[in-house]
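A structural walkthrough
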Amino acid sequence: MFAYVLASRRIYVACRRVPSPLLSAASSTVSAATASSSSSTPSSSSGHAATFTGALPLTSACSEVSPSNSWFSVIFRLFHTSGTSSVPASPPSLTDTVSSISAMVKEPHQEFTRPFVAAIDQGTQSTRCFLLDSERRIVSSHQVPVQLFHKGSGKIEQDPQALVSSVMECVQEAVQKAQSLPGLQDLDPALDIKCLGLANQRETLVVWNRHTGEPLYNAIVWMDSRNDELCDELVEKYGSRDVFRDKVGLPIHPYFTATKLMWLMRNSTTIANAIDAGDAICGTVDSWIIWNLTKGSSHVTDVTNASRTLLLNLHTLQWDEEVCRELGVPLSLLPRVCSSSTPKDLGVVRQGPLHGVPITGCVGDQQAALIGQRCFRRAETKSTYGTGCFMLMNTGAVPVPSTHGLLTTVGYRFDLPGGRTDTSPPALPAAEAFSSSAASTSSASVSASSSSSSSSSSSSSAHSASSSSTEPLVAYALEGAVNVAGVGLSWLTDQMGMLDSVLDIDEVAGSVPHTRGMYLVPAFEGLYAPRWRPDARGTAVGMTLRTTKAHFCRALLDGIALQCKEVVDAMLEDVRQASAGDGDDQEEKKITLPQLLVDGGLSKSNVLLQIQAHALNTRVARPENTESTVMGAAYAAGVAIGMYDPPTAPQVAQTTTDFHPLGEDQDEKRREWLRGWNKAVERSLDWHE
C-alpha cells in the first residue's frame with residue numbers, strides 16, 4: 001500500500017509538467033506498483049535487481065500482440081488469405097512505449113540535458129521517432145501506423161512512399177512534443193539535435209529510379225514468400241541450401257533480400273528495363289529512408305542490414321562479387337556498405353525539422369536491440385518477446401558458423417571516434433565468457449577493455465565497408481527465431497476464448513503451479529529455429545479431465561519458453577564447436593549461458609520469465625527500460641560523435657528485474673519436463689505436406 005501511495009504522489013507531481021503521452025506512463029507506474037506490492041510470491045533481491053512473480057501491470061505492453069495490430073498476425077493469416085486486400089496495420093500499443101518511459105518521468109526540479117539525439121524505428125507495422133537527451137533519457141516520441149498489403153499467394157507489400165511519409169510525420173511530431181515541454185520551448189532542432197540514428201525492419205526490399213527517386217515497385221516485405229519456388233530452383237541447381245553459407249552465413253531462403261530481388265528481375269518488366277538502362281538502384285528499408293532523408297545524395301546501408309541480404313561476405317564486410325555473379329545481381333544496383341555507427345559516411349538530412357543533422361547510426365532492428373541491451377561482450381544474449389521471438393548472441397570478433405539451424409550475422413560495427421585503435425571487446429576465454437558464475441551479479445553491467453585485432457576492409461571499392469583512420473569495432477552474432485510468442489496469447493484470447501484479454505495471462509496461468517503434465521507445442525505454421533520443420537502443426541497432449549484453461553494457458557507459456565531454450569542450446573553447441581576448434585576440450589565443456597537479457601511486449605509477463613529461467617536453468621534479466629531497439633539506434637548514433645561512451649568503456653549498470661531458476665532440488669523434475677516436451681514435439685511433426 002505504501003508503494004502505491006508513494007507512486008501516486010510522485011506521479012501527481014510529475015504529471016503537472018509532462019505531456020499527455022507521459023500521463024499514460026504514469027498510469028503504468030501505478031499499475032506496476034500495485035502488482036508488485038500484491039505479488040503473491042515475492043523473492044529476495046539484491047543491488048539494482050528485483051525478483052518477483054505476479055500479475056501483469058494493467059497497461060502492460062503485452063497489448064501489442066492483439067491480432068489487429070500484430071505483424072505476426074499477418075504470418076498467421078498468410079495461408080488463409082485469398083484475393084487482394086489492404087490490411088491496415090495498427091501500431092503496437094502506446095503502452096509499449098510509455099511503459100519504459102514511466103521510470104523516466106522527471107521531478108519538477110529536474111531538466112533534460114542538451115544536446116539531444118533523434119532515433120527513428122521504422123518497423124513492419126509502425127514508424128516511431130524518439131528524442132533522447134545526453135544521458136539517454138527519453139524526451140519525447142511519436143508513432144504512426146503503416147499499412148501492409150496482403151495480396152495472396154504469399155505476397156505481402158508496403159507502399160515505399162508511405163514509409164517515408166510516416167518517418168517525416170514522426171520526426172515533426174516528436175520535435176513539436178519536445179518543444180512543448182517546460183524548459184524546451186526554445187529547442188532548435190538544427191542546433192540542439194546533434195545526430196540521427198535509424199533502426200529498421202530488415203530484409204524488406206525497395207527498388208527505385210536513381211534519377212527521379214520514384215519507386216519502381218511496392219516494397220517486398222521480409223515475410224513475403226512469393227520467391228519460394230525460385231529458392232527451390234536454386235537449391236536444386238546447387239544441391240544444397242547452404243552453398244553460400246560459409247561466406248554469407250545464411251541459407252538460400254525466401255526470407256532474404258537477394259532472392260526477392262531476383263524474383264522482381266524475372267517478373268517485373270519495368271524493373272528489368274530500368275536495370276538494363278542503368279536507371280535502377282535498390283536497397284533495404286534503411287537505404288530507402290536515408291536516400292529520401294538526404295534527398296538522393298546518399299545511397300548506403302550498414303553492415304547489419306547488408307548481412308541479411310545473402311550477398312555480404314561476412315569476412316570482408318563487402319558485397320561478395322562471386323555470390324552476386326552467381327545470383328545475377330549487378331553490383332551497380334547495391335548501396336555502399338557502411339558501419340552501423342560512423343561519424344560521416346551515412347549522410348546528412350536535407351529536409352524537414354532535422355535539416356542539417358548528420359545521420360550517424362544505422363542498424364537492423366534486432367541488432368539494434370542487441371546494442372540497446374548492451375550486449376557488447378562475447379556470450380551476452382538478448383531475447384525480444386514480441387509476437388514472435390528473436391534471440392541474438394554476441395559471438396565476438398569472428399563469425400561463428402552454425403551447424404544447428406541458426407543464422408550467422410553481423411551484430412554491429414562501430415567506427416570509434418578520437419583516433420581509437422579498439423577493434424573489439426576482449427575475446428575472453430570460453431570459461432570466463434560463458435561461466436554461469438557471472439549470473440551472480442546484481443545487474444546487467446558491462447565492462448570491457450580494448451584489444452587489437454585485424455579486420456579486413458577495402459576503402460577503394462565503391463561497395464566496401466566505409467573506411468576509417470582506425471580499425472572499427474566489429475562483433476558478430478548467432479540468431480534464432482521462434483515464430484509464436486505473443487501471437488499465441490492473441491490465439492488464446494480471440495480464437496479459443498480462454499482469456500478476456502492478453503493482459504490476463506499472468507493472472508490465469510499463474511493461478512496454477514504447473515500444467516499437470518499437459519504440453520502445448522505452438523507450431524501453428526511450423527517450427528522455426530533450430531528444428532526448421534514446416535510440416536509441424538500446433539499440438540496439445542497430456543490432457544486429462546482435470547485440465548483447466550489455466551493449465552492450457554500455462555502450457556502455452558511453457559511452449560514459448562521451451563522453444564527459446566532450444567535456440568539457446570543450439571547457440572551454445574555452435575559456440576562450443578567453435579571453441580573446440582581451438583583445441584581446449586576442458587574450456588569447451590565449461591561453456592554455459594551467464595544470463596538472458598529480455599525485452600519486447602511479452603517480456604512484461606513475470607510468469608513467462610520465471611518459466612524461462614527454470615527452463616534455461618539460468619538467470620533471466622528484464623531491464624527497467626525495455627525500449628531496446630530505439631535505445632540501440634540512439635546509442636549507435638551518439639557514440640559516433642562522442643556523445644555517449646563507446647562499447648569498450650565501462651557501461652553504466654542497468655536496473656533489472658531478475659528471475660532465477662528454482663534450484664538444484666528441481667533438476668530431476670526439470671529433466672523430466674524436458675523429456676516430455678521432446679515427446680510432445682515429436683507428436684507435432686508430419687502434419688502438413
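Further up the page is the structure itself.
Attention in this report is confined to the structure presented alongside it. (Residues numbered from 1 in each chain as written. Predicted model: local features only at pLDDT ≥ 70, side-chain atom pairs only at ≥ 80, totals over all residues. Heavy atoms only, no water.)

**Considering the sheet that holds strand E23 (residues 619-623)**
The condition is simple: Strands pair, by our definition, only if DSSP identifies at least two bridges between them. A run of H or I in DSSP becomes a helix once it reaches four residues, and a run of E becomes a strand once it reaches two; helices and strands are each numbered from the N terminus. Note on geometry: axes are C-alpha line fits, over the in-contact stretch for helices, and angles between N-to-C directions span 0 to 180 degrees. Throughout, a contact is declared for two residues whenever any of their heavy atoms are within 4.5 Å.
Ordered in space as E18-E19-E17-E16-E22-E23-E24, the 7 strands form an open sheet in which the pairing is mixed. For this open sheet the edge positions go to strand E18 (407-414) and strand E24 (656-659), each flanked by a neighbour on one side alone. Each strand axis lies, on average, 30 degrees off the axis of its neighbour in the sheet, ignoring direction. Taken together, the 7 bridges between E18 and strand E19 (residues 473-482) define a ladder with antiparallel strand orientation. What sits directly across from Phe414, in E19, is Leu473. The strands touched by helix H18 (residues 549-580) within the sheet are strand E16 (381-385), strand E17 (389-396) and E19, with E17 carrying the most contacts at an inclination of about 20 degrees. Packed on one face of the sheet, helix H20 (residues 606-616) meets E16, strand E22 (595-599), E23 and E24 and runs near 145 degrees to E23.

**What to know about the nonpolar core**
Rule in force here: Take the buried Ala, Val, Leu, Ile, Met, Phe, Trp, Tyr and Cys residues and link them wherever side-chain atoms come within 4.5 Å; each set so joined is a nonpolar core. Exposure is judged per residue with a 1.4 Å probe applied to protein chains only, and the accessible area is read against the type maximum: over 50% gives exposed, under 20% gives buried, and values in between give partly exposed.
If you look at the biggest cluster of nonpolar residues, it comprises 66 residues, and the most contacted ones within it are Tyr385, Leu492 and Leu557. The dominant element in this core, judged by the number of residues it contributes, is H18, at 16 residues. Apart from the residues lying within four places of it in its own chain, the contact partners of Tyr385 are Ile560, Cys564, Leu596, Val598, Asp599, Gly600, Gly601, Leu602, Ser603, Leu608, Leu609 and Gln612.

**Notes on the sheet that holds strand E2 (residues 116-122)**
The strand order across the open sheet formed by 5 strands is E4-E3-E2-E7-E15, and the pairing between neighbours is mixed. Where the open sheet ends on each side, the last strands, each with one partner, are strand E4 (138-145) and strand E15 (359-364). Along the sheet, successive strands turn relative to each other by an average axial angle of 15 degrees, direction set aside. In this fold helix H5 (residues 160-179) packs onto E2, strand E3 (126-132), E4 and strand E7 (193-200), with an angle of close to 150 degrees to the strand it touches most, E4. On the sheet, helix H14 (residues 365-372) packs against E7 and E15 and is oriented at approximately 110 degrees with respect to E15.

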